[in-house]
Amino acid sequence: MDLKDRDRWNEKYKQGWRTSLNATLLRFYQLASKGKALDIACGSGDNSIFLAEKGFSVDAFDISDEAIKIANALALKRGVKVNLLMSDIESFPFKGEYYDLIINFYFLDRNSFSKITASLKQGGLLIFETYNEKHLLSKPSFNRSYLLREGELREVFKELEIVYYEEASNITTLVAKKSSTFS
Ligand SMILES: C[S@@+](CC[C@H](N)C(=O)[O-])C[C@H]1O[C@@H](n2cnc3c(N)ncnc32)[C@H](O)[C@@H]1O
């Protein structure tokens, strides 16, 4: 586990930083079968809780224990169950062909791309959205290794059926399905 990352994010959440419900999720979640969902780097949990309210059985993890605490409190308040885990993505136990829906918002770990594909059930949906390199135009100090290159998501997930792909200004969005004949 990268303790520096964890400390940095814990500090941000202690200072009041919060995540919010993602508009792309609202637009596309209904394309997924209502089964098991995984929220990667879930932050303070709004997207996980939304999916739980819609009837998904949700696993969610984040490196920050502060974020997980906030998400747990929010889930309790909203009266839904989310399986929240404090975990670095490196040690999260991705299961093969397990999830009907995987979401990855505003977080980039290139080592997990193949694990994400493997962890989708056949017919499962991936919604991935984060900043791309154009983000440097407005935030030159942003760490380039956390930014997507042009066309990167489409290339990386080319084995999946692309349902929607957009590189709008500084944000790249991919919605893709694992075909039921994926091998
Ligand atoms: C910009 S936030 C995005 C949160 C949420 N996905 C959203 O879009 O609302 C990035 C999140 O990644 C988490 N994170 C950073 N490094 C991580 C790692 N190695 N493993 C798991 N989570 C990590 C942070 O704690 C933070 O909550």
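Being a predicted model, the structure only gives us computed values, none of them experimental.

Cut-offs and rules
- Residues numbered from 1 in each chain as written.
- Predicted model: local features only at pLDDT ≥ 70, side-chain atom pairs only at ≥ 80, totals over all residues.
- Heavy atoms only, no water.
- Core = buried A, V, L, I, M, F, W, Y, C linked by side-chain atoms within 4.5 Å.
- Buried < 20%, exposed > 50% of the residue type's maximum accessible area, 1.4 Å probe, protein only.
- Contact = heavy atoms within 4.5 Å.
- Salt bridge = Lys/Arg side-chain N within 4 Å of Asp/Glu carboxyl O.
- Helix = DSSP H or I, 4+ residues; strand = E, 2+ residues; numbered from the N terminus.

(A) Structural detail: the nonpolar core. Membership of the largest hydrophobic core comes to 26 residues, with the highest contact counts inside it found for Leu25, Leu51, Phe56, Val82, Leu101 and Ile127. Once residues within four sequence positions are removed from consideration, Leu25 is found in contact with Asn47, Phe50, Leu51, Ile103, Phe105 and Ile127. Counting 23 residues, the second-largest nonpolar core is a separate cluster that includes Leu108, Phe113, Leu126 and Phe157.

(B) A look at the pattern of salt bridges. Counted according to the given criterion, the structure contains ten salt bridges. Across the pair Lys178 and Glu97 runs a salt bridge whose closest N-O atoms are separated by 3.3 Å. One end of the pair, Lys178, is in the segment after β7 (171–177); the other, Glu97, is in the loop between β3 (82–86) and β4 (99–105), with 81 residues separating them in the sequence. Lys178 gets classed as buried once you look at its relative accessible area, which sits at 1%. A relative accessible area of 39% places Glu97 in the partly exposed class. The salt bridge partner of Glu152 is Arg110, with a shortest N-O separation of 2.6 Å. In this pair, Glu152 is assigned in helix α7 (residues 152–156) and Arg110 in the loop between β4 and α5 (113–119), connecting sequence segments 42 residues apart. You can call Glu152 buried: its relative accessible area is 7%. Assessed through its relative accessible area of 28%, Arg110 is described here as partly exposed. Among the charged side chains, a salt-bridge network with shared partners connects Arg110, Arg149 and Glu152.

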